[in-house]
Amino acid sequence: ERIGKRVALTFDDGPDPDWTPRIADTLTRLGVPATFFAVGEHVVDDPGVIADLHRDGFEIGNHTFTHANLASAGILRDLQVSMTQSAISGAAGVRPRLVRPPYSATRDGGDREQERSYADIAQQGYVIALANYDSEDWRSPGVAEIVRNATPRSKHGGVILMHDAGGDRSETVAALERLVPELRPRGFKFVSLNDLLGAG
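Below or above, wherever it landed, is the structure these notes cover.

Here is what the cut-offs are and how they apply
- Residues numbered from 1 in each chain as written.
- Predicted model: local features only at pLDDT ≥ 70, side-chain atom pairs only at ≥ 80, totals over all residues.
- Heavy atoms only, no water.
- Buried < 20%, exposed > 50% of the residue type's maximum accessible area, 1.4 Å probe, protein only.
- Helix = DSSP H or I, 4+ residues; strand = E, 2+ residues; numbered from the N terminus.
- Right-handed = clockwise from strand over helix to strand, strands pointing away.
- Pairing = 2+ DSSP bridges.
- Phe/Tyr/Trp six-rings, centres within 6.5 Å; stacked < 30°, edge-to-face > 60°.
- Lys NZ or Arg CZ within 6 Å of the ring centre and 35° of its normal.
- Polar contact = N/O pair within 3.5 Å; in protein donor to acceptor, adjacent residues only side chain to side chain.
- Contact = heavy atoms within 4.5 Å.

### Topic: the pairing of strand β2 (residues 34–38)
- Within β2, five of the five residues are buried, leaving the element largely enclosed by the surrounding structure.
- Side-chain alternation along β2 places A34, F36 and A38 on one buried face and T35 and F37 on a second face that is also buried.
- Of the crossover connections in this fold, the one passing from strand β1 (residues 6–14) over helix α1 (residues 19–30) to the parallel β2 is right-handed.
- Pairing of β2 with strand β3 (residues 59–62), which is carried by four bridges, proceeds in the parallel orientation. By the bridge assignment for β3, F37 is matched with G61.

In structure tokens form, the structure reads like this:
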């Protein structure tokens, strides 16, 4: 198993001017890398937040411009990705290879149409980054449930999906404070998504 006991934290739907910096500060204090999958229109609204994430060593990924379902975006699919690339590049000077399609969670959740749309994007040189563990923190189900959902069920690590936008993310922050100290003594190592995927 290539992944071993490595885990990569990922955050979708930002940047949010309040919650993204708070989550980033928490991760920095805990000494944990992470990837933030940004929505282009939010990057345009708050470019400084993305610039700060990049400066602080976090990875930036592409989460489309309007949080569009790529399977049904039709001819606008490429535009959803390319406009977000332009927004992130303008804000932080990087053009991410990692793309997380909205409305995707774990690898088991996709239908044929989604898989076709992912293949189209991958052919353009992007790396599609789905998740192994969905914290479902967007539902605000309580800190304990978020931690339980995000915790690998076996000895194998993987990609953990969380959110840094979309409403009050205080439960997400509190869950990080518990998740990281619980996983480390069990031998899990927090790494960047690029390291985990070998995406380079």
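Now that the structure is up, let's keep going.
### Considerations on the packing of aromatic side chains
- By the definition in use, this model includes two aromatic pairs.
- With centroids separated by 5.1 Å and ring planes inclined at 20°, the aromatic side chains of F11 and F36 adopt a geometry described as stacked. Separated by 25 residues along the polypeptide, F11 in strand β1 and F36 in strand β2 bring together distant segments of the chain. Comparing F11 with F36, the two get one shared label, buried.
- Relative to F58, the ring of F36 has its centre 5.5 Å away and its plane inclined at 85°; by these criteria the two rings are edge-to-face. In this pair, F36 is assigned in strand β2 and F58 in the loop between α3 (47–55) and β3, connecting sequence segments 22 residues apart. Grouping residues by exposure puts F36 and F58 together as buried.
- The structure contains a cluster of three or more aromatic residues connected by ring pairs, namely F11, F36 and F58.
- One residue, K5, lies across the ring of F188, its end atom 4.8 Å from the ring centre.

### What about the side chain of T26?
- Here T26 is to be found in helix α1.
- At 2.9 Å, the side chain of T26 and the backbone oxygen of R22 are in polar contact.
- For T26, the residues in contact, after removing those within four places along its chain, are V173, L176 and E177.

### Section: the side chain of T20
- Here T20 lies in helix α1.
- Polar side-chain contacts of T20 include one of 2.7 Å to the backbone nitrogen of D16.
- Separated by 2.6 Å, the side chains of T20 and D164 make a polar contact.
- Apart from the residues within four sequence positions on either side, T20 is in contact with G14, P15, F36, V49, L53 and D164.

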